[in-house]
Amino acid sequence: MAPYSMTAAPLAFFLALLSTFVLSALASPFLPLPTQFSQLKHAPLAPLAPVDLARRQDEQPVFPEQPPSCPICEQNFAGIDSCAQAAPVFANFSMIIFNPGAFIDVIKCACADTFQSAYPQCVDCFTQTNQTQFLNSNDLPGVLKGIHNICALESTLLGGVATADGEVTPTTSLNTELMEDNNAIAGPSCSTPAPSRKRAWVPGSVTNMYSAAKRRRMSFADDVDRDFEANSAEFEAGGKVNVADRFISAPQDNTIPLQTTPRTRRIAKVFGLAEERILKYTDTNAEASTNSFLNRHRFNFHQLLKKPHQIPQTSAEAHLGARKQFMLALDGPGIPSDLFAYPISWSARNSIAVACGRDVYYQNLDTRAISHLFKLPPNRGKLITIEWSLKEPNMLAAGTSNGDIQLWDTDTTSQLRRWQEEAFVDVGGMSWCDKVLAVGLGDGVITLYDAREPDPIGRIESHKDKVHGLRWRHDGNYLASSDQQGVVQLWDARAGKSLSAANRWRSKMKHNAPVKALGWCPWKPELLATGTMYPDGKIRIWNINTTPAAAPATHIIPLNTSVTSVVWSPHCKELLSTHGMSWQPRASASESCPNLPSDVGPNSRARRMRERERPVSIKTSLTNSLTVHAYPSLRRVVSVPAHTGAVGHSCLSPDGTKVFTICPAEEAMKMWQVWGVAQAAEKQESVFDKCKIR
């Protein structure tokens, strides 16, 4: 018996020491138990601070007049004192994020409106007056940061909402919940759930054989259940959650409830999702949820993932949007007044040519040297269109109002070719593809000329009115044409096909107004942009590969403004457009008066009603402007008033960053810095660059 007694004494002492260590660890202020706050129903929260910062109950802080934060703190200190004692737990806010249910009373208390506004003032006051012992924390900046983060993340538990900067907006429901206590003292205080319900452990029951930590969590969940059930009437009175979910497309008859297990049900009630089938399959045509509780939750999540807006260096927002001023202005006396004319062109040598009356001038923008190319004789009409050759930038084509087409060499200042249309009709749009020049005429004919041939090499007779626009695609496979009646047609020139009416690609693309503006996308060749004049005023973007015949455009940008030209950016996904007059569309008279008489004449009723249907000219931000649109969002990036009159035409610089605009009313031209060139990424040195294969 003696040896047994000597062995049992050290063993009993070791077990007593181990139990003391475990109890002290569980009682540590930095590891609070889940029931630590739930057992304080009508008493202020116990301080969670080290012993050296604890203060006596009879001590009171001093609030001098300076700094200014002290008077503000004094007004609310009595109400937030109990919350302030528990606030240091937020210094380690990651612990709260992973177990928010254990600290729900601290979260409710610290995230109240009064506490949010008064606690930072008290921190500033007590720090400057050396009274930090009243806040029981050595890491006050960490506490403030923790409160800031937790109140933004856990606002769904409280019914509040976090704004863009993370602050909690005032909520009357939270204040009401905190004030609803029959035995509450004066001033705001934190109400806590009722004492936990004790569970009897039954040896024969498997479900009760849990650890002490799990039993504490289950006991706390029961307290939360009772608290939420007591307030369920107020939640139901606020409106039901619309459970329509637009992300679930296949409806099913049998729905799976969210609370499938007791543990899942407890979690759902903590987060306010009890009795709600959030993943319910329902009618896809039902309206989206308008419940403010879920909307606040979505807004908080969106703000956490939101990234600051970054402007690309190639975008017009970084250049034209920042400056909004032209770089260079040139005079152009005698510019054609017709908005369907093309009196300006920019060559690959950085030379700008302009048709002034019957003269053609060009200026080298690198040397600023101005040269006179030629003067048109009086019997050959007026200059309408000029166009530089893309492959040979020394060749310039010019068309007149009586069908005279000339080809000039700027190096030798000599005329290379001259073609005369037999019908003597005016020239519309022109476009180069290598040495082939396509010319649109006033009678709807498209004539093809080769700079090496004295006679035309092709003729397309498909349009029924004047051809205003012509544009070859960058690879030369397609030619787009547009006319006065708003008809746009594509011509297939692939595999050596001859351009004729038989080689038209797809059906006609019809518009409701004359079309002059045409533009092929350089980085997505199947996209074609068209712009209409009065009275339609829209930009349409067509996909020639995927859009079926006679189908509407892929994208439509309604502007109610004349579109005189469109230019795609070669450096970013943006589209530039120039504009003239704007108008306010009127409702159709045929809709309100469907039984109008069919009589005609200058004084007929039908004619008068048609006059009333005409749009009214107004001035908007797009009038006479230079506007850039983003693709494919169609967002308006920037819009700048370019001239005092309508912008007749625009052309792109050789490097694709600048645009020249011309205004017949001002007889002036302006150069704009619109886009930028992307910086070349530095090539990272690879191991294969250091080694060579012999």
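Quantities reported herein were computed from a predicted structural model and do not represent experimental measurements.

## Section: the sheet that holds strand β19 (residues 527–532)
Reading across the sheet, the 4 strands line up as β18-β19-β20-β21 and stay open at both edges, with antiparallel pairing between neighbours. At either end of the open sheet lies a strand with only one pairing partner, and these are β18 (515–520) and β21 (555–558). On average, each strand axis in the sheet is tilted by 15° relative to the strand beside it, whichever way the strands run. Relative to strand β20 (residues 538–543), β19 runs antiparallel, the two being bridged by 5 bridges. From the neighbouring strand, T530 faces β20, where its bridge partner is R540.

## Focus: the sheet that holds strand β9 (residues 414–420)
Spatially, β6-β7-β8-β9 is the arrangement adopted by the 4 strands of the open sheet, whose pairing is antiparallel. Looking at strand neighbours, the two that pair on one side only are β6 (383–388) and β9, the edges of this open sheet. On average, each strand axis in the sheet is inclined to that of its neighbour by 20°, with strand direction left out of account. Bridge count between strand β8 (residues 404–409) and β9: 6 bridges; the pairing is antiparallel. Residue pairing for β9: W408 is matched across the bridge by Q415.

## As for the nonpolar core
Ranked by size, the top nonpolar core spans 32 residues in total, and within it F63, F90, F115, Y119, F126, L135 and I147 carry the most contacts. When residues of this core are traced back to their parent elements, those giving at least two are α2 (69–86), α4 (104–110), α5 (113–128) and α6 (140–153). Discounting chain neighbours no more than four positions away, the residues touching Y119 are I80, A84, A87, L135, L140, V143, L144 and I147. Counting residues in hydrophobic clusters, the runner-up holds 17 residues, among them L626, V638, V640 and V674.

## Focus on the side chain of E387
Among the structural elements, E387 can be located in strand β6. No salt bridge is formed by the buried E387; the nearest opposite charge belongs to R471, separated by 4.7 Å. Each residue touching E387, except ones within four places of it in the same chain, is listed here: S345, M395, L396, A397, M430 and W432.

## Considerations on the packing of aromatic side chains
Scanning the entire structure with this criterion turns up 10 aromatic pairs. The interplanar angle of 0° and the centroid separation of 4.5 Å between the aromatic rings of F374 and W408 together place this pair among those described as stacked. With F374 in strand β5 (residues 369–375) and W408 in strand β8, this pair connects stretches of sequence that are 34 residues apart. With centroids separated by 5.1 Å and ring planes inclined at 85°, the aromatic side chains of Y534 and W583 adopt a geometry described as edge-to-face. Of this pair, Y534 sits in the loop between β19 and β20 while W583 sits in strand β23 (residues 574–584), placing them 49 residues apart in sequence. Judged by relative accessible area, which is 34%, Y534 ranks as partly exposed. Taken together, the aromatic side chains of W523, W568 and Y631 make up a single cluster linked through ring pairs.

## Here's the deal with the pairing of strand β29 (residues 668–673)
Among the 6 residues of β29, 5 are classified as buried, and the element is accordingly described as predominantly covered. Across 4 bridges, strand β1 (residues 328–331) lies against β29 in antiparallel orientation. Counterpart to A329 in the pairing with β29 is K670. In the sheet, strand β28 (residues 658–663) pairs with β29 via 6 bridges, with the strands oriented antiparallel. Note that in β29 the partner of K658 across the bridge is Q673. Counting the residues that bridge the hairpin from β28 to β29 gives 4 residues, and of these E667 lies at a positive phi of roughly 55°.

## Some points on a nonpolar patch on the surface
Side chains of F301, L304 and L305 sit close together on the surface and give an oily, nonpolar patch of about 350 Å² of accessible area. On the secondary structure map, L305 appears in helix α12 (residues 292–305). Residue classification places L305 among the exposed residues on the basis of a relative accessible area of 55%.

## Brief notes about the environment of S69
Tracing the backbone shows S69 in helix α2. A residue is classified by how much of its surface remains accessible, and S69, at 5% relative accessible area, is buried. Spatially, the C-alpha atoms of S69 and V123 are 8.7 Å apart, while their sequence positions differ by 54 residues. Residues in contact with S69, not counting those within four places in the same chain, are Q121, D124 and C125. In terms of polar contacts, S69 uses its side chain to reach the backbone amide nitrogen of C125, at 3.4 Å.

## What to know about the state of the cysteines
Scanning the entire structure with this criterion turns up 2 disulfides. Through a disulfide, C73 is tied to C122; the S-S separation comes to 1.9 Å. Taking the sign of the S-S torsion, about 100° here, the bridge from C73 to C122 comes out right-handed. Taken together, the positions of C73 in helix α2 and C122 in helix α5 put the pair 49 residues apart, joining distant regions of the chain. Pair check on accessibility: C73 and C122 agree, each one buried.

## Quick notes on the confidence of the model for the chain
Residues of the chain with pLDDT of at least 70 account for 63%, and the chain-wide mean is 74. Contacts from residues 157–210, a stretch scored under 50 in pLDDT, to residues over four places away or in other chains number 95 contacts. Contacts for the low-pLDDT stretch residues 224–259, under 50 throughout, to residues beyond four places or in other chains number 53 contacts.

Thresholds, definitions, all that
Note that residues are indexed from 1 along each chain, following the sequence as it is written. In view of the model being predicted, local features appear only for residues whose pLDDT reaches at least 70, and side-chain atom pairs are presented and counted only at 80 or more, with totals across whole chains, interfaces and linings using the full set of residues. Here the side-chain values reflect all heavy atoms present in the structure, with hydrogen atoms and water set aside. Here, any two strands with at least 2 DSSP bridges between them count as paired. Segments assigned H or I by DSSP are reported as helices when at least four residues long, segments assigned E as strands when at least two residues long, and all are numbered from the N terminus. A fitted line through C-alpha atoms represents every axis, and for helices the fit uses only the stretch in contact; the resulting angles, taken between N-to-C directions, go from 0 to 180 degrees. We call a set of buried residues a nonpolar core when its members are Ala, Val, Leu, Ile, Met, Phe, Trp, Tyr or Cys and they connect through side-chain atoms within 4.5 Å of each other. Type-normalised accessible area, obtained with a 1.4 Å probe on protein chains alone, sets the label of each residue: buried when under 20%, exposed when over 50%, and partly exposed for intermediate values. Here, residues are in contact when the closest pair of their heavy atoms is within 4.5 Å. Charge counting follows a simple rule: Lys and Arg are positive, Asp and Glu are negative, and His as well as the terminal groups are ignored. When a carboxyl oxygen of Asp or Glu lies within 4 Å of a side-chain nitrogen of Lys or Arg, that pair is called a salt bridge. Note on aromatic pairs: the rings of Phe, Tyr and Trp (six-membered ring only in Trp) are paired at centre separations within 6.5 Å, and the planes decide the class, stacked below 30 degrees, edge-to-face beyond 60, tilted for the rest. Residues enter a patch when their relative accessible area is above 30% and they make no salt bridge; the linking distance is 9 Å between like charges and 5 Å between nonpolar side chains (Val, Leu, Ile, Met, Phe, Trp, Tyr). For the area figures, the Shrake-Rupley method with a 1.4 Å probe applies, and any residue is considered shielded solely by the protein chains shown. In protein, a polar contact requires one atom able to donate a hydrogen and another able to accept it; more generally it is a pair of N or O atoms within 3.5 Å, and residues adjacent in sequence count only if both atoms are side-chain atoms. Disulfides are defined as pairs of cysteine sulfur atoms found within 2.5 Å of each other. The quantity known as pLDDT measures the predictor's confidence residue by residue, on a range of 0 to 100.

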